[in-house]
Amino acid sequence: MGNILKIGIVGAGGIVRQRHLPGIMGSGLAEIVAVSNSTLGSGQKFCGEFTLKAEAIAHWQELVDRADIDIVWIGAAPFLHAPVTVAALLAGKHVFCQARMAGNLTDAKTMLEAARERPELVTMLCPPPHGLEIDAFVRNLLSYRIVGDLRSIRVSSRNGAFLDASQPAHWRQRSDISGQNIMALGIYVEVLERWFGPLSVESASGRVFVPERDGVQIKIPDALIVLASLQNGTPACLEFSGVHAGAPSDVLELAGTRGVLRVEMLTGRVTLESDGLTEDLIPPPEVIRPWSVEEDFLNAVANPGLSRPHPDFEDGFAYMQVIAAVWDRLNFGPRTDIP
């Protein structure tokens, strides 16, 4: 491997353009040499706009097979994560994969096993930006027991993305593309498990209000409520809606014996309600974590002695287990893809 890492991108959509590309190009550690997008034309367009040195390739397998690529960067939708990851690891490439980890638990297990078989290769999943900058701050507040003994957790993630019944199916509504992932469920499970450990699903209720859009059958709920619990029995209620006509919100509330900590996940605002008063809690600059996901991954590849970045495939498999359990509860029957 040379001094500059060579990256091949599979799936160069909006998240790659807006978030990953600046991090890769600004790192000074890597360059993009090949791109395989949904069509050859769109791959050529991406290269023409962002990375003239890269070659557009018609099929992702051709990209994975190239000898000059060190890293396969997967920005494609969940249905492609497992096949591309496994092929890349077999070819000796490091893998960065956009979240969610996979379309279902079986695919996630396949990815995890492939990574375990090649421990010398760095694998990483993209973390959600929700609460990432203030992660250490919230952890510190919880370690100080700022709300006392935790008594309940409530997540509210609501928007109107799917309100218009005349719109065609969004890729997030299509199980052939997204698998069993439902709105922001996986994101919040990942965050909660990072802060509190494993979640157990007690029950789930979901509804598809528009079951067909332009001939596409919709099976992924656009409204969902999940009742879960932490290992110590603390209850958690997770509510998601893509058909909410009010102002969008992404809020996590942690209620304890001394107060309620409210975290606005997209804005980073943290408030504490206690004794009838509400105050803003301002994180000190030294605990703010700026977005450095791409550089963290690339540094780990370039320097094998460094600690591996998170979330890794073990973290991803953990949240995929919760997603699968929710899917079980929604479909009222045993899953056929249990590993």
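Structure shown above.
Below, the structure is looked at part by part. Keep in mind it's a predicted model, so treat the numbers as computed, not measured.

Quick look at unusual backbone geometry now. Note the cis peptide between A99 and R100, where omega equals -10°. Within the secondary structure layout, R100 lies in the loop between β5 (94-97) and α5 (105-117). H310 connects to P311 through a cis peptide bond whose omega is 0°. Position of P311 among the secondary structure elements: in the loop between α9 (293-302) and α10 (313-331). The backbone of R145 sits at a positive phi, close to 55°, despite the residue not being glycine. Relative to the helices and strands, R145 resides in the loop between α6 (135-143) and β7 (150-158). Residue classification places R145 among the partly exposed positions, given a relative accessible area of 40%. The phi dihedral of D214 falls on the positive side, at around 50°, and the residue is not glycine. By the secondary structure assignment, D214 is in the loop between β9 (212-213) and β10 (216-217).

Relative to the elements of secondary structure, G92 occurs in the loop between α4 (81-90) and β5. Distance from G92 to L121, taken between C-alpha atoms, is 7.3 Å for residues 29 residues apart in sequence.

This part takes up the sheet that holds strand β4 (residues 71-74). Taken in spatial order, the six strands of this open sheet run β3-β2-β1-β4-β5-β6, and their pairing is parallel. Both outer strands of the open sheet, β3 (55-56) and β6 (123-125), are each paired with one neighbouring strand and no more. Where strand β2 (residues 30-36) and β3 come together, two bridges link them in parallel fashion. Within β3, the position partnered with V35 by the bridge is A56. This element, α9, spans β1 (5-10), β2, β4, β5 and β6 of the sheet and lies at about 160° to β4.

Let us now look at the pairing of strand β15 (residues 270-274). Strand direction decides the pairing type here: strand β14 (residues 260-264) and β15, joined by four bridges, are antiparallel. Note that in β15 the partner of V260 across the bridge is E273. Linking β14 to β15, which pair antiparallel, is a turn of five residues; within it G268 sits at a positive phi near 80°. From the end of β15 to the start of strand β16 (residues 277-280), which pair antiparallel, there are two residues, and D275 there has a positive phi angle of about 55°.

Further remarks concern the side chain of S249. When you line up the elements, S249 lands in strand β13 (residues 249-256). S249 has contacts with S156, S157 and R158, leaving out every residue within four places of it along the chain.

This part covers the environment of M265. As for its position among the elements, M265 is in the loop between β14 and β15. For M265, a relative accessible area of 3% corresponds to the buried category. Separated by 132 residues in the primary sequence, M265 and E133 have C-alpha atoms spaced 9.7 Å apart. Excluding its chain neighbours within four sequence positions, the residues that come into contact with M265 are H130, G131, Y188, V191, W195, D250 and L252.

Below, the discussion takes up the layout of surface pockets. Taken as a whole, the largest pocket holds about 1,300 Å³ of empty space. In terms of lining, the largest pocket is formed by 46 residues, of which the most central are I15, Q98, A99, W171 and R172. Those elements that place two or more of their residues in the lining of the largest pocket are α1 (14-27), α7 (175-178) and β12 (235-241). Counting residues per element, the lining of the largest pocket draws most heavily on α1, which supplies four residues. For the lining of the largest pocket, a count of residues per class yields 24 nonpolar, 18 polar and four charged.

Time to look at the pattern of salt bridges. Opposite charge on two side chains permits pairing when their charged atoms draw close. For the coordinates displayed, the defined rule picks out 20 salt bridges. Here R100 makes a salt bridge to E190, at a shortest N to O gap of 3.0 Å. In this pair, R100 is assigned in the loop between β5 and α5 and E190 in helix α8 (residues 185-196), connecting sequence segments 90 residues apart. Among the residues examined, E190 registers a relative accessible area of 7% and is labelled buried. A salt bridge links R139 to D135; the nearest nitrogen and oxygen atoms lie 2.7 Å apart.

Among the residues making up α6, those that are buried are D135, F137, V138 and L141. On an axial view of α6, the arc spanned by its buried residues comes to 165°, and they lie on one face. After α6 finishes, the residue R145 shows a positive phi value of roughly 55°.

The interhelical angle for the contact between α5 and α10, taken along N-to-C directions, is 165°, at an axis separation of 9 Å. Of the possible angle classes, the one that applies to α5 and α10 is roughly antiparallel. In this structure, α5 crosses over α10, and the sense of that crossing is left-handed. Touching L105, A108, K109, M111, L112, A115 and R116 of α5 are F313, E314, F317, M320, Q321 and A324, all from α10. Across the contact of α5 with α10, the residue classes tally to nine nonpolar, one polar and three charged.

Rules used throughout
Residues numbered from 1 in each chain as written. Predicted model: local features only at pLDDT ≥ 70, side-chain atom pairs only at ≥ 80, totals over all residues. Heavy atoms only, no water. Helix = DSSP H or I, 4+ residues; strand = E, 2+ residues; numbered from the N terminus. Buried < 20%, exposed > 50% of the residue type's maximum accessible area, 1.4 Å probe, protein only. Pairing = 2+ DSSP bridges. Contact = heavy atoms within 4.5 Å. Axes fitted to C-alpha atoms, helices over the stretch in contact; angles between N-to-C directions. 1 Å grid on protein atoms, 1.4 Å probe; cavity = no way out; pocket = protein on both sides within 12 Å on 5 of 7 lines; lining within 4 Å. Points joined across faces, edges and corners; volume = space filled by probe spheres on them. Nonpolar A, V, L, I, M, F, W, Y, C, P; charged D, E, K, R; others polar. Salt bridge = Lys/Arg side-chain N within 4 Å of Asp/Glu carboxyl O. Arc of directions from axis to C-beta. Parallel < 35°, antiparallel > 145°, perpendicular 65-115°, else oblique. Left-handed = near helix turned anticlockwise from the far one by under 90°.

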